[in-house]
Every structure is written in structure tokens, then in C-alpha cells.
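Examining the three-dimensional arrangement
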Amino acid sequence: MAKQEEPTLRMKLIKNTGSDRVIDELRQTLAPPSSLDLASPAFSLFAFAELRDLLEKLDACRVVLPATNGSELGLTGSDTDRAFRNRLQLRWLARECATWIRKKVELRGAPGFLPQSILIAGKPGSEQHRVITGNCPFTTEGLGITPGNQFSLIQSSEKPEESAILGSWFTSLWNMLPTSDEQKAAFLSRLQELADPKAPSLIYYLTLFHVFKNLGDELDEERIVKSATGIRNTTVWKKLFKFQRDGRRRGHR
């Protein structure tokens, strides 16, 4: 009896630039009714924002994330997300994401780092169904919204048998993970921390911290505002509040 050949995966490559991006594939395949399975080493709120309208209409969503803290997970993005942060929508996005997680998402935690990502989007059995795998975390870089590593390898299924093989792999991974709600509760707690109002003074303290944190024993007021200039004896200087003096010293550095 001839040995049955194993199916061969001949997946197409995604360049993740121009119009050939992960987010373009997702927008085509997440039209309702659809579902999403996601395993990613990172999860950015700015990536969520770009797909929010489609994610909120999903029939179901299973998410696997590493059991790590919010900063390592990349909730607030990376250096390439400065333009998104400048919109000052982070608190709102954290609230919107938390609402979506509660309503739509089953979330489980992987015990260690996830070496690559997998996104299974669309309605199983339909032509608008894709499995995307490789260096495509759920971040703006991973989705191709902001520039990423040009040497990243990202592949997308083109045939039903390819989708079936990778879909089975995700399901086996999902079934091996603990079914406890602890990871989901921890993730929602991180989102709540971002959504909660912060005291205005915190901005001042954080600014001072980042300005002076690397000076250590070198921090010397004389080096910042030299007394020889006579500025400390002026009426204007004496009338300044302490925080204004601190700001003036920073401006002289």
C-alpha cells in the first residue's frame, strides 16, 4: 500500500508594507460574521484601535498572551507609536479594550514567551478565511501600520487545507492551557490601571524623574543654575514657586 503523503504548506509571504500588510488581510477577512483566534507575544492598544470596529463585531475571539506584566506586553506601544500617543486617547482606548475583552474574548495565558504569532481570521470553511503566522505580533509594527523589521517572515494561508492544519495547531495549544480566569482578570486589571485618572502632580514628578534619573551623585544645583550669575538674588527668582524654580533649572541644563 502506498504511503499517504502529508499535505505540503505553500503559503504566500506578506511583505507587511504598502498594500501587502497583515492589517489589510485582517480587514478583508474579519467582515461579520467572523471570528478571530490570536496568539501573540505582545498586545498594543494602538493596534486594537486600528481594528476596533471589526473586533467589536466578532462572533467569538480566543486570545493567548504570555503571562507577563503590562510593560513587557507592550500595551502602550513602542517608540514608533509616538504619533498615536500624541492623540491622548490611551485612557479611552484602555476602557474600550476592557469592555471588548469582557464581552467577546476568551483569554488564556501561555506559561512562557511566545516565539511567534498566529492569527486565524474569518469564518471557517469560507473563502474569506486566513491563517497568518510569523513575526506579526498584535502591535502597530506587527500589523504593518508602522515600519517594522524588513527581514521579518510572515506567511498567510491560501488554501483550506493549510488553514485546517494551522487551525488544528492553535486548538491543540489552546486546549493545553489552563482554563482559569486568572490571566483574563490580570489583563483587565492592567487596562484599568491605564484607564484610571491620574493626579496632575504625577506628570510633574515623572518629568523630574526622567530628567534627573541618570545624574546620580552628579546632581549639583550649582551646575544647573550658577550662583555667580546673581539670578538667585533677584526678586523674580524669590517669588517663583519651587516647581517653577525646578523648571527653570531644567531649562538651563
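Residues numbered from 1 in each chain as written. Predicted model: local features only at pLDDT ≥ 70, side-chain atom pairs only at ≥ 80, totals over all residues. Heavy atoms only, no water.

Mean pLDDT for the protein chain: 84, with 79% of residues reaching 70 or above. Highest mean pLDDT in the protein chain belongs to helix H2 (residues 45–55) (97); lowest belongs to helix H12 (residues 242–252) (55). (pLDDT = per-residue confidence, 0-100. Helix = DSSP H or I, 4+ residues; strand = E, 2+ residues; numbered from the N terminus.)

With respect to the helices, strands and loops of the structure, Glu96 is situated in helix H5 (residues 90–104). A C-alpha to C-alpha distance of 8.9 Å links Glu96 and Ala49, two positions 47 residues apart in sequence. In contact with Glu96, not counting residues within four places along its chain, are Phe48, Arg52 and Glu56. (Contact = heavy atoms within 4.5 Å.)

A sheet is described by the order of its strands in space; here seven strands give the open sequence E1-E7-E6-E5-E2-E3-E4, paired in mixed fashion. Strands at the two margins of the open sheet, each flanked by one partner only, are strand E1 (12–13) and strand E4 (105–110). Alignment of strand E6 (residues 129–134) against strand E7 (residues 154–156), held across three bridges, turns out to be antiparallel. In the strand pairing of E7, Thr133 is matched with Gln155. (Pairing = 2+ DSSP bridges.)

To continue, consider the packing of H2 against H5. Between two packed helices, what matters for the description is the angle formed by their axes and the separation of those axes. Two numbers describe how H2 lies on H5: the axes approach to 10 Å, and their chain directions differ by 50 degrees. Between H2 and H5, the interaxial angle falls into the category oblique. Both H2 and H5 take part in a crossing whose hand is left-handed. When H2 is examined against H5, the residues Leu45, Phe46, Phe48, Ala49, Arg52 and Leu55 are found in contact with a partner set consisting of Leu90, Trp92, Leu93, Ala94, Glu96, Cys97, Trp100 and Lys104. Here the residues of the contact of H2 with H5 sort into 11 nonpolar, no polar and three charged. (Axes fitted to C-alpha atoms, helices over the stretch in contact; angles between N-to-C directions. Parallel < 35°, antiparallel > 145°, perpendicular 65-115°, else oblique. Left-handed = near helix turned anticlockwise from the far one by under 90°. Nonpolar A, V, L, I, M, F, W, Y, C, P; charged D, E, K, R; others polar.)

Turning next to the nonpolar core. Residues Phe43 and Trp100 are the most contacted members of the largest nonpolar core, which totals 41 residues. Those elements that provide at least two residues to this core are helix H1 (22–29), strand E2 (35–39), H2, strand E3 (60–66), H5, E4, strand E5 (117–122) and helix H8 (182–195). Sort the elements by how many residues they give to this core and H2 lands first, with seven residues. If near-sequence neighbours (up to four positions away) are discounted, Trp100 is found in contact with Phe43, Phe48, Leu55, Glu56, Leu58, Cys61 and Val105. The next biggest cluster of nonpolar side chains, apart from the first, holds 13 residues, and it includes Val64, Ala110, Val131 and Leu177. (Core = buried A, V, L, I, M, F, W, Y, C linked by side-chain atoms within 4.5 Å. Buried < 20%, exposed > 50% of the residue type's maximum accessible area, 1.4 Å probe, protein only.)

The next thing to look at is unusual backbone geometry. Here the residue pair Pro32 and Pro33 is connected by a cis peptide bond, since its omega of -5 degrees sits within 30 degrees of zero. Among the secondary structure elements, Pro33 is positioned in the loop between H1 and E2. Of note, the phi angle at Leu88 is positive, near 60 degrees, even though the residue is not glycine. With respect to the element layout, Leu88 can be found in the loop between helix H4 (82–85) and H5.

We now examine the packing of aromatic side chains. Per the counting criterion, the structure on display carries five aromatic pairs. Ring geometry for Phe46 versus Phe84: centroids 5.7 Å apart, planes at 25 degrees, classification stacked. With a gap of 38 residues between them, Phe46 in helix H2 and Phe84 in helix H4 connect regions that are remote in the sequence. Between the aromatic rings of Phe170 and Trp174, the centroid separation amounts to 6.3 Å while the plane-to-plane angle is 20 degrees, which identifies the pairing as stacked. Here Phe170 pairs with Trp174, and both are found in helix H7 (residues 160–176), just four residues apart, close to one helical turn. In this pair, the class of Phe170 matches that of Trp174, namely buried. These aromatic residues form a ring-pair network of at least three members: Phe43, Phe138 and Phe187. (Phe/Tyr/Trp six-rings, centres within 6.5 Å; stacked < 30°, edge-to-face > 60°.)

Right, let's get into H8. Owing to its 3.6 residues per turn, the α-helix aligns residues three or four sequence positions apart on the same side. Compared with an ideal rise of 1.5 Å per residue, which puts 14 residues at 20 Å, H8 spans 20 Å between its outermost C-alpha atoms and is within 8% of the ideal. Looking at H8, one finds that the buried residues are Gln183, Lys184, Phe187, Leu188, Arg190, Leu191 and Ala195. Down the axis of H8, the sector holding all buried residues measures 155 degrees, keeping them to one side. In this structure, H8 carries Glu182 and Glu193 as exposed residues pointing more than 90 degrees from its buried face. (Expected span 1.5 Å × (residues − 1). Arc of directions from axis to C-beta.)

Our focus in this paragraph is the pattern of salt bridges. A complete count under the given rule lists eight salt bridges for this structure. Put simply, Glu25 and Lys12 hold a salt bridge, and the shortest N to O gap is 2.7 Å. Of the two residues, Glu25 is situated in helix H1 and Lys12 in strand E1; the sequence distance between them amounts to 13 residues. Of the charged contacts in the structure, one is a salt bridge between Asp37 and Arg62, with a shortest N-O distance of 2.9 Å. A residue pair is termed long-range when its members are at least 10 positions apart, and Asp37 in strand E2 and Arg62 in strand E3 qualify at 25 residues. The exposure class of Asp37 is buried, given its relative accessible area of 13%. Bridged by salt links that share partners, the residues Arg52, Asp53, Glu56 and Glu96 form one connected network. (Salt bridge = Lys/Arg side-chain N within 4 Å of Asp/Glu carboxyl O.)

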